Amino acid sequence: MTAHFNFDNSYARLPDAFHARVLPSSARDPRLIALNRPLAGELGLDAGELEMPEGVEILAGKRLAPGSEPIATAYAGHQFGGFTPRLGDGRAVLLGEVIGPDGRRHDIQLKGSGTTPFSRGGDGRAALGPVLREYLVSEAMAALGIPTTRALAALRTGETVLRETELPGAVLVRVAASHIRIGTFQFFAARGDTESVRRLADHAMARHDPDAAGAAQPYRAFLDGVVARQARLVARWMEVGFIHGVMNTDNMSISGETIDYGPCAFMDAYGPETFFSSIDRGGRYAYGNQPGIALWNLTRLAECLLPLLGEGEEAVAAAEASLTGFAPAYLAAHRDGFGRKLGLMTPAEGDETLVGDLLDRMAAGKADFTLTFRRLCDAAADPERDREVRDLFIDPTAYDDWAGRWRDRLGGEAMDGAARRAAMRAANPAFIPRNHRVEEAIAAAVAEGDYGPFEQLGRVLSRPFDDQPEYAAYADPPAFDTGAYRTFCGT
Ligand code: AMP
Ligand code: MG
């Protein structure tokens, strides 16, 4: 029996300039590596059907599901500050949009299913390692409660792809609220095609900002919505030590989901200048630069929307007013988020200073970001447990002075110790996808065909806030952090 998808294809119904119709190329011998059953359920898909040979062929792009109208979407983008007018889906095919039982619309996209008219000399394929990385890290983000594209499935294609060496080929089945990027707007704006910018804005508004359509200035309200979502998203990244790594405008989703897990990584030791991507010379996309880069990207979006925002000066003023909303939205989200992490549930004067001072001391003391905050949960309820936190700092006395001021501040909160500890534990994960664990899982799969470590790591990361005593080692930083960890873009 063929797996049933409740497809609608609203993006494929947009004019020809928006996409190219293309069939995924058939994988030779597709094998399912992982199927995300809970996600399949949310989408109204039958996991049992998807695991059958025909279901696997659909997920690998070898067979077309009834109702699917596959396309590769057109987009442009600023990559590391330089503009490329034509990028597009060069190694991805959008099968269609599935309407879930809750009425929500989700793109189903195959990543690594062969060339498209946007491949520009690339092979359109994905290697196994990056597919497993995206599966693990995007699902970890979802479990952390951070808006993100999801991974429905990972498959081997039975083919090899040529990178620096021959590697097993794979496909990731990605689920997203949409794949509309800032770069999608830039694609049309760069051609002076205002009519298409308007069509795209109307489409995106209907999907992501339905209330904006009824506003006095719908396109201004739409831009405000995108700005607010990006501000909140980047604040969430900062709260967990996530470094996206390739915040090009083509990798910034209008929906406010995290998208593109190529060179991303979580920090171990805290340092605002940390970056991992091997091609990010100068650290443009370092941890501490992420809010500023988000605003830079949103400014590019606002430029695209200028013709829709009014005449001349009026349009510029509207765009500037919208962008001015970024900083307060980001700072409020950051204050709330880090306040929760420190057990400061009712905001008070001086909280930002307290947070900033801790982070400065963590940077100087090379304290592990995730462990510091997790251990503070116990210290909040029992000062005896300070020892476990201060041990994380090169100079533990740097913590002591701060901890005294933190305790004074906590005294002004109504909560008792146990409730505070519980609230803080819900804001401070024990488990993040540590780089050495992700690499270990990928290496076992690629070199030995052993998916055990991948599956085990995925299970631990699906419950990031629970103590899992039997897997305590997954919460540990690497034994020797040389600071030399590097990530690579190519899928
Ligand atoms: P990314 O690094 O994922 O943001 O991709 C940047 C651009 O390069 C996009 O247009 C991709 O579709 C394209 N691209 C990346 N890898 C490949 C590949 N193996 N084959 C074809 N196009 C690719
Ligand atoms: Mg990308």
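About the criteria used
- Starting afresh in each chain, residues are numbered from 1 along the sequence in its written order.
- Here the convention is simple: chains get letters from A, ligands get numbers from 1, in the order in which they are written.
- Local features are withheld for residues below a pLDDT of 70 in this predicted model, meaning they are given only at 70 or higher, and side-chain atom pairs are given and counted only at 80 or more; totals for whole chains, interfaces and linings count all residues.
- As a rule here, side-chain values come from all non-hydrogen atoms in the structure, and water together with hydrogens is ignored.
- Each metal site is built from N, O and S donor atoms within 2.8 Å (3.2 Å for Na, K and Ca), and since water is not included, such sites may look incomplete.
- Relative accessibility under 20% of the residue-type maximum defines a buried residue, over 50% an exposed one, and the middle range a partly exposed one, all with a 1.4 Å probe and only protein chains included.
- Residues grouped as a nonpolar core are buried Ala, Val, Leu, Ile, Met, Phe, Trp, Tyr and Cys residues, joined through side-chain atoms within 4.5 Å.
- Strands are runs of DSSP state E lasting at least 2 residues, helices are runs of H or I lasting at least 4, and numbering of each runs from the N terminus.
- Working definition: the arc comes from the directions between the helix axis and the C-beta atoms, pointing outward to the latter.
- For this analysis, residues touch if any pair of their heavy atoms sits within 4.5 Å.
- Each reported salt bridge corresponds to a side-chain nitrogen of Lys or Arg within 4 Å of a carboxyl oxygen of Asp or Glu.
- How far each domain reaches was decided by an automatic or database domain assignment.
- Being near a molecule or strand, for a residue, comes down to having at least one heavy atom within 4 Å of it.
- Under this definition, polar contacts are N or O atom pairs within 3.5 Å; protein pairs additionally need one hydrogen-donor-capable and one acceptor-capable atom, and for neighbouring residues in sequence, both atoms have to be side-chain atoms.
- All accessibility values rest on the Shrake-Rupley procedure with a 1.4 Å probe; residue burial counts only the protein chains present in the view.
- Each residue gets one label: Ala, Val, Leu, Ile, Met, Phe, Trp, Tyr, Cys and Pro are nonpolar, Asp, Glu, Lys and Arg are charged, and the others, such as Gly, are polar.
- Strands qualify as paired when DSSP identifies two bridges or more between them.

### A short note on the coordination of the magnesium ion (ligand 2)
(1) Moving on: Binding of the magnesium ion (ligand 2) to the protein goes through Asn251 (OD1) and Asp260 (OD), at separations of 2.2 to 2.3 Å. Both residues of the pair, Asn251 and Asp260, belong to the buried class.

### Structural notes on the nonpolar core
(1) Moving on: Core analysis: the largest hydrophobic core is formed by 97 residues, its most contacted members being Phe185, Phe222, Leu305, Leu376 and Trp406.
(2) Moving on: Among the elements that line this core, the one with the most residues is helix α7 (residues 218–240), at 12 residues.

### Some words on helix α17 (residues 452–461)
(1) Moving on: Where α17 is concerned, the buried positions are Phe454, Gln456, Leu457, Val460 and Leu461. An end-on view of α17 places all buried positions within 165° of arc, on one side of the element.
(2) Moving on: Turning to α17, the residues buried within the fold contact β3 (31–35), α4 (128–143) and α16 (435–448).

### Structural notes on the pattern of salt bridges
(1) Moving on: For the structure shown, the criterion picks out 41 salt bridges.
(2) Moving on: Of the charged contacts, one joins Asp8 and Arg13 as a salt bridge, the two residues approaching to 3.1 Å between their closest N and O atoms.
(3) Moving on: Here Arg434 ties to Asp368 by a salt bridge, and the two come within 2.7 Å at their closest N and O atoms. On the criterion of sequence distance, the pair formed by Arg434 in the loop between α15 (417–425) and α16 and Asp368 in the loop between α11 (351–365) and α12 (369–381) is long-range, its members being 66 residues apart.
(4) Moving on: Here the salt bridges do not stand alone but share partners, grouping Asp8, Arg13, Glu97, Arg105, Asp107 and Arg207 into one network.

### What to know about the environment of Met345
(1) Moving on: Within the secondary structure layout, Met345 lies in the loop between α10 (326–341) and α11.
(2) Moving on: Relative accessible area serves as the criterion here: at 28%, Met345 is assigned to the partly exposed category.
(3) Moving on: The spatial distance from the C-alpha of Met345 to the C-alpha of Met424 is 9.5 Å, given a sequence separation of 79 residues.

### So, the domain arrangement of the protein chain
(1) Moving on: Here the domain parsing of the protein chain yields domain 1 (11–179), domain 2 (183–263 + 281–333) and domain 3 (344–425).
(2) Moving on: For domain 2 versus domain 3, the distance between C-alpha centres works out to 34 Å.

### Describing the environment of Arg181
(1) Moving on: With respect to the helices and strands, the residue Arg181 is situated in the loop between β11 (166–176) and α5 (182–189).
(2) Moving on: Taking the C-alpha atoms as reference points, Arg181 and Thr249, separated by 68 residues in sequence, lie 7.1 Å from one another.
(3) Moving on: Ignoring anything within four residues of it in the chain, the contact list for Arg181 reads Tyr75, Asp89, Gln109, Arg174, Thr249, Asp250, Asn251, Met252, Ser253, Ile254 and Ile259.

### A short note on the site of ligand 1
(1) Moving on: Surrounding ligand 1, one finds 17 residues, the nearest of these being Gly88, Gly90, Arg91, Gly124 and Asp260.
(2) Moving on: Asp260 is positioned such that a nitrogen or oxygen atom in its side chain is 2.9 Å from an oxygen atom of ligand 1.
(3) Moving on: Alone, ligand 1 offers 490 Å² of accessible surface; in the complex the protein occludes 83% of this.
(4) Moving on: Residue composition of the shell around ligand 1, by class: two nonpolar, seven polar and eight charged.
(5) Moving on: Counting only domains with at least three residues in the shell around ligand 1, you end up with domain 1 (11–179) and domain 2 (183–263 + 281–333).

### Overview of the pairing of β11
(1) Moving on: Extensive coverage of β11 is indicated by the burial of eight of its 11 residues.
(2) Moving on: Across two bridges, the pairing between strand β9 (residues 126–127) and β11 is antiparallel. From the neighbouring strand, Ala126 faces β11, where its bridge partner is Ala170.
(3) Moving on: Examined bridge by bridge, strand β10 (residues 150–162) and β11 share nine bridges and lie antiparallel to one another. From the neighbouring strand, Val161 faces β11, where its bridge partner is Leu167.
(4) Moving on: The antiparallel hairpin formed by β10 and β11 contains three residues in its connecting segment.

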